[in-house]
Amino acid sequence: SVVMVDHCTELRQHVQLDLFQKWLLDRHVKSPLQVLIGSPTIFAQLVRHFGIACYHKHGSRYNFAVLVTGLGRLYSTVRASLAPAWDLLAAWDWLHPVEHRPPLPRMLYRALIVAALAFGHYRFAAVVCFGFRAVNRIGEVLQATRSKLVLPADVLDFDAKFLYLRILEPKSKRRGARRQHSRVEDCAEFSFIVAVFSPLLPFEKLYPGSPAVFRRR
């Protein structure tokens, strides 16, 4: 069979399902889920009211979305009836839009590079350069090995002014392409990035330390 969710997601879904069942019991709804799903319309309204309760208690929209997707995965007979819950999630988004992390300011980026070069941390500087120019999440670059990076010499095009990095575990793989790449085109840091990463062996990580070590730098 095809595994549609990873183990961590499956665990989160079961945790949220347990909380939903506890909420039902607190409201004297003692019928097991296997009985409740026999009336998909009523069941969908119960899920929606649970979501409303979570919202008023300043709960997590993400956790409620995990519950809804989990119910649709575990109980296919109610999947088509969960529209009220999805409508609630859309309204939740409208009332409280997701706030993304701000990008790294250019001045701070330049200061990081200057400091890294001054201390001789060339791979640290190259990782920051690549992440900034390719608009990568820094974790995507930290977990990458040299074999996932395509340099001009790798394709025998020594005049090329572009680099590609294959993203191993893109964060958006559930809602976008499962295989994703980032690209750095001709820029001031291009030759530096190539010079730092070219000598690495295929199995070597672009950055030799752990994310914790990278943060401490």
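Check the entry above for the structure.
Rules behind the numbers
- Residues numbered from 1 in each chain as written.
- Predicted model: local features only at pLDDT ≥ 70, side-chain atom pairs only at ≥ 80, totals over all residues.
- Heavy atoms only, no water.
- 1 Å grid on protein atoms, 1.4 Å probe; cavity = no way out; pocket = protein on both sides within 12 Å on 5 of 7 lines; lining within 4 Å.
- Points joined across faces, edges and corners; volume = space filled by probe spheres on them.
- Helix = DSSP H or I, 4+ residues; strand = E, 2+ residues; numbered from the N terminus.
- Nonpolar A, V, L, I, M, F, W, Y, C, P; charged D, E, K, R; others polar.
- Expected span 1.5 Å × (residues − 1).
- Buried < 20%, exposed > 50% of the residue type's maximum accessible area, 1.4 Å probe, protein only.
- Arc of directions from axis to C-beta.
- Contact = heavy atoms within 4.5 Å.
- Pairing = 2+ DSSP bridges.
- Axes fitted to C-alpha atoms, helices over the stretch in contact; angles between N-to-C directions.
- Parallel < 35°, antiparallel > 145°, perpendicular 65-115°, else oblique.
- Left-handed = near helix turned anticlockwise from the far one by under 90°.
- Patch = residues over 30% accessible without salt bridge, like charges linked within 9 Å, V, L, I, M, F, W, Y side chains within 5 Å.
- Areas by Shrake-Rupley, 256 points an atom, 1.4 Å probe, with all protein chains shown as cover.
- Salt bridge = Lys/Arg side-chain N within 4 Å of Asp/Glu carboxyl O.
- Polar contact = N/O pair within 3.5 Å; in protein donor to acceptor, adjacent residues only side chain to side chain.

Draft legend 1. Seen up close, the layout of surface pockets. Volume-wise, the second largest pocket comes out at about 170 Å³. Lining the second largest pocket are Q16, L19, K22, W23, D26, F50, C54, G59, S60, N63 and F64. Residue assignment for the lining of the second largest pocket shows that the elements contributing at least two residues are α1 (7-26), α3 (40-56) and α4 (61-74). Counting residues per element, the lining of the second largest pocket draws most heavily on α1, which supplies five residues. Of the residues assigned to the lining of the second largest pocket, the class counts are five nonpolar, four polar and two charged.

Draft legend 2. Looking closely at α1. With 20 residues, α1 should cover 28 Å at 1.5 Å per step; its first-to-last C-alpha distance of 29 Å lies within 8% of that length. Buried within α1 we find Q13, Q16, L17, F20, W23 and L24. An end-on view of α1 places all buried positions within 115 degrees of arc, on one side of the element. Seen from the open side of α1, the exposed residues pointing more than 90 degrees away from its buried face are H7, K22 and L25. On the buried face of α1, the contacting elements are α2 (33-36), α3 and α4. H28, located one to two residues past α1, shows a positive phi value of around 65 degrees.

Draft legend 3. Spatial organisation of the sheet that holds strand β2 (residues 162-167). Pairing in this open sheet of three strands is antiparallel, and the strands run β1-β2-β3 from one edge to the other. Edge positions in the sheet fall to β1 (149-150) and β3 (180-185), since each has one partner strand and no second. Sheet topology places β2 next to β3; six bridges connect them, and they run antiparallel. Within the sheet, the bridge partner assigned to F162 lies in β3 and is E185. Sitting on the sheet, helix α7 (residues 122-134) touches β1, β2 and β3, and the angle it makes with β3 is about 100 degrees. Of the strands in this sheet, β1, β2 and β3 touch helix α9 (residues 190-197), which is tilted by about 55 degrees from β2.

Draft legend 4. The arrangement of the pairing of β2 in detail. Burial along β2 is one-sided: L163, L165 and I167 are buried, and none of F162, Y164 and R166, which face the opposite way, are. Note: β1 against β2, two bridges, orientation antiparallel. Paired with L149 across the two strands is L165, which belongs to β2.

Draft legend 5. The arrangement of the packing of α3 against helix α5 (residues 83-95) in detail. In the contact formed by α3 and α5, the axes pass within 8 Å of each other and the chain directions differ by 20 degrees. Classified by the angle their axes make, α3 and α5 are roughly parallel. The interaxial crossing formed by α3 with α5 has right-handed handedness. Taken together, the residues of α5 that come into contact with α3 (itself represented by A44, Q45, V47, R48, G51, I52, C54 and Y55) are P84, A85, L88, W92 and L95. Residues that form the contact of α3 with α5 fall into these classes: ten nonpolar, two polar and one charged.

Draft legend 6. Structural detail: a nonpolar patch on the surface. Together, L104, L108 and L112 give the surface a local cluster of nonpolar side chains, amounting to about 220 Å² of exposed area. Tracing the backbone shows L104 in the loop between α5 and α6 (106-118). On the basis of relative accessible area, L104 is assigned to the partly exposed category, the value being 33%.

Draft legend 7. Highlighting the side chain of S182. Along the polypeptide, S182 turns up in strand β3. In this structure S182 comes out as buried when scored by relative accessible area, which is 7%. Only 2.9 Å separates the side chain of S182 from the side chain of N136, close enough to count as a polar contact. Ignoring sequence-local partners within four residues, the contact set of S182 consists of F130, A134, N136, L163, Y164, L165 and I167.

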